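Single-letter residue listing:
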Amino acid sequence: PRGCPGGSPRPPCQSSRLHPLLRRHVKPKKQHEIRRLGKLLQRLSQATGCEHVVDIGAGQGHLSRFLAFGLGLSVTAVESDGRLAGLAERFDQELLRERGKASGLGHEGHPWEPGKTSGLGHEGHSRKPGKTSGLGHEGQPRRCPNPSRHHPHPLTTRAPRHVAGRLDPSAPWGEFLLPPEPLGPGPAARNPLGGPGGSEDGRRVLVTGLHACGDLSPALLRHFARSPAVAAVASVGCCYMKLSSAPQPPGCPPGYPLSAAVAALPGHQLSYRAREAACHAREEYEGRLRGGGAQLRAHCYRAVLESLIRAADPSKRHLGLQPGRKAHTLSFPQYAHLGLPLAGLDPAGVPLDSGTVGAMLEQQHKVVAFCTLGQLLAPAAETLILLDRLLYLREQGFYCALVPLFNPRFSPRNLVLVAARTPLAAVLAGLDQDSEDGDSSKEEEAESSRQGQ
């Protein structure tokens, strides 16, 4: 089950249980996710004796930063986009400089080494309670309406190690990485887990991926299944429409289905539309329906735009265009002028004011009805995808569970697939009994409700 705690669908302002320096550059939704997933990985670390975490698809390194600086774990962050990996390193250095200034030592006067820890007391916070660490439009911190009432744990100086490279889903474990995109000036990335059967330093590791897109999540699970170097995995999927499906060329396993059980089911195939629907947030859409017309207009705009693109070029399908987040505030011609160039089409060559376009725009109620039916079926499609992954791991003999770790009202992909080579009962029981997480969840809901008033 997804779990559905009560409260407002708005995310909390800022997580008072994250150190202010760990909130910097991180949106409230992501703060909620990295804190919850970080705590789960900490419990897995304690249960398995593994202190090294490999974060796949690390992006700007927000989760890796919390695991390393916040929880003191040894972290290798792997990111396919070399620019994001470089940005993550810059954010790490920024945190260390601010930490050094706050402790009165200065970064240059306080050398640090990966693995070395040093506590930073509450007097070392770089920001006063009551301020967020998110940056506003002018680069200035935005003030949070609710002062932080908790003292975050001290930071360590244990920085994550960033590796630019792509996970190869079909390669043997020892050939874990492909070159990054775009190619950087440095040498090719080494496999952070070493050769088959062992990590870089000979110890076992944990592997995680927070909202690993498309086939990346199945690739994580396949590597876990065939590498004894990985003690456990915690995977949060995303972008199901990007999953590859059978049939695939030889040597390229599909992202769905993974398990023999689901592959044997008649009618198990999922269309692009079904997988795309599984990515939507039912809770958010419910709010749109209750709010009425304006925001729902965007669904009709998108349907008409897709129809125009297909009429101009039938080969252009499933393009994933994003003309803008506030489409409902635009007229359709304005929306189309933003969207058509993204599909490689000249708006001047498309009849935007024709009677045909006007007739399609008048069908908004039908488009909304269709989208609503899709939303009702979306949980079934997502459940099938996630149960397929869980069954795959069970077929390999691993202990595994699906945990509704995040609040689905502002983190729709909230189910975390946890798998290990040893029983998970103690880890999951500890997670359920974690009074800190329970209190924090109530507090975040309360903060969220106050903001909506």
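Residues numbered from 1 in each chain as written. Predicted model: local features only at pLDDT ≥ 70, side-chain atom pairs only at ≥ 80, totals over all residues. Heavy atoms only, no water.

Caption draft 1: A look at the overall build of the protein chain. Counting its secondary structure elements, the protein chain contains 14 helices and 11 strands. Taking as baseline every contact in the protein chain between residues at least 6 positions apart, the subset at least 24 positions apart corresponds to 70%. (Helix = DSSP H or I, 4+ residues; strand = E, 2+ residues; numbered from the N terminus. Contact = heavy atoms within 4.5 Å.)

Caption draft 2: Focus on the packing of helix α2 (residues 28-48) against helix α3 (residues 62-70). Interaxial distance between α2 and α3 falls to 9 Å at its minimum, and their mutual angle equals 50°. On the basis of the axis angle, α2 is oblique to α3. Regarding α2 and α3, the two cross each other, and that crossing is right-handed. Of the residues in α3, those in contact with K30, I34, R35, L37, G38, K39 and L41 of α2 are H62, L63, F66 and L67. Classifying every residue of the contact of α2 with α3 gives 6 nonpolar, 2 polar and 3 charged. (Axes fitted to C-alpha atoms, helices over the stretch in contact; angles between N-to-C directions. Parallel < 35°, antiparallel > 145°, perpendicular 65-115°, else oblique. Left-handed = near helix turned anticlockwise from the far one by under 90°. Nonpolar A, V, L, I, M, F, W, Y, C, P; charged D, E, K, R; others polar.)

Caption draft 3: How the structure looks around helix α5 (residues 216-226). Within α5, 9 of the 11 residues are buried, which leaves the element mostly enclosed by the surrounding structure. Every buried residue of α5 is listed here: S217, P218, A219, L220, L221, R222, H223, F224 and A225. Buried residues in α5 make contact with β1 (52-56), β6 (166-167), β8 (205-213), β9 (230-238), α12 (364-395) and β11 (415-420). (Buried < 20%, exposed > 50% of the residue type's maximum accessible area, 1.4 Å probe, protein only.)

Caption draft 4: Just the pattern of salt bridges, in detail. This model, assessed by the stated rule, comprises 11 salt bridges. Where R290 meets E286, a salt bridge forms, and the shortest distance between an N and an O atom there is 3.1 Å. Taken as a pair, R290 and E286 lie in helix α8 (residues 282-291) at a separation of 4 residues, close to a single helical turn. With a closest N to O distance of 2.9 Å, E382 and R413 form a salt bridge. Of this pair, E382 sits in helix α12 while R413 sits in the loop between β10 (399-404) and β11, and the two are 31 residues apart along the sequence. The pair formed by E382 and R413 is uniform in burial state, with each residue classed as buried. Several salt bridges share partner residues, and in doing so they unite R24, E94, E98 and K101 into one network. (Salt bridge = Lys/Arg side-chain N within 4 Å of Asp/Glu carboxyl O.)

Caption draft 5: The arrangement of α2 in detail. Counted at 1.5 Å a residue, the expected span for α2 with its 21 residues is 30 Å, and the 30 Å between its end C-alpha atoms agrees. Burial within α2 is extensive, with 15 of its 21 residues counted as buried. (Expected span 1.5 Å × (residues − 1).)

Caption draft 6: Just the side chain of S244, in detail. Of note, S244 is situated in the loop between β9 and α6 (260-263). In terms of polar contacts, S244 uses its side chain to reach the side chain of D215, at 2.8 Å. Not counting chain neighbours up to four residues away, the residues in contact with S244 comprise D215, P253, P254, G255 and Y256. (Polar contact = N/O pair within 3.5 Å; in protein donor to acceptor, adjacent residues only side chain to side chain.)

Caption draft 7: A look at the packing of aromatic side chains. Taken as a whole and judged by the stated rule, the model has 4 aromatic pairs. When the ring of F224 is compared with that of F398, the centres are 4.6 Å apart and the planes differ by 45°; the resulting orientation is tilted. Residue F224 is found in helix α5, and its partner F398 is found in the loop between α12 and β10; the two are separated by 174 residues along the sequence. In this structure F224 comes out as buried when scored by relative accessible area, which is 1%. With a centroid separation of 5.4 Å and 40° between ring planes, the pair formed by Y301 and Y335 is classed as tilted. Taken as a pair, Y301 in helix α9 (residues 293-312) and Y335 in helix α10 (residues 332-339) lie far apart in primary sequence, 34 residues in all. Accessibility classification places Y301 together with Y335 in one group, the buried group. If you follow R421 out to its NZ or CZ, it ends over the ring of F224, 4.8 Å from the centre. (Phe/Tyr/Trp six-rings, centres within 6.5 Å; stacked < 30°, edge-to-face > 60°. Lys NZ or Arg CZ within 6 Å of the ring centre and 35° of its normal.)

Caption draft 8: Representation of the state of the cysteines. Using the criterion set out here, one finds 0 disulfides in the structure. As a non-bridged cysteine, C279 has C239 as the owner of its nearest cysteine sulfur, 5.8 Å distant. According to the relative accessible area criterion, C279 is partly exposed, its value standing at 22%. Of the cysteine sulfurs around C371, a residue in no disulfide, the closest is that of C300, at 9.3 Å. With relative accessibility at 15%, the residue C371 sits in the buried group. (Disulfide = S-S within 2.5 Å.)

Caption draft 9: Local environment of the environment of L428. Of note, L428 is situated in helix α13 (residues 425-432). Separated by 388 residues in the primary sequence, L428 and L40 place their C-alpha atoms 8.5 Å from one another. For L428, the residues in contact, after removing those within four places along its chain, are A401 and V403.

Caption draft 10: Main features of the side chain of E33. By the element assignment, E33 lies in helix α2. For E33, a relative accessible area of 0% puts it in the buried group. If sequence neighbours within four positions are ignored, E33 has contacts with L210, H211, F406 and S411.

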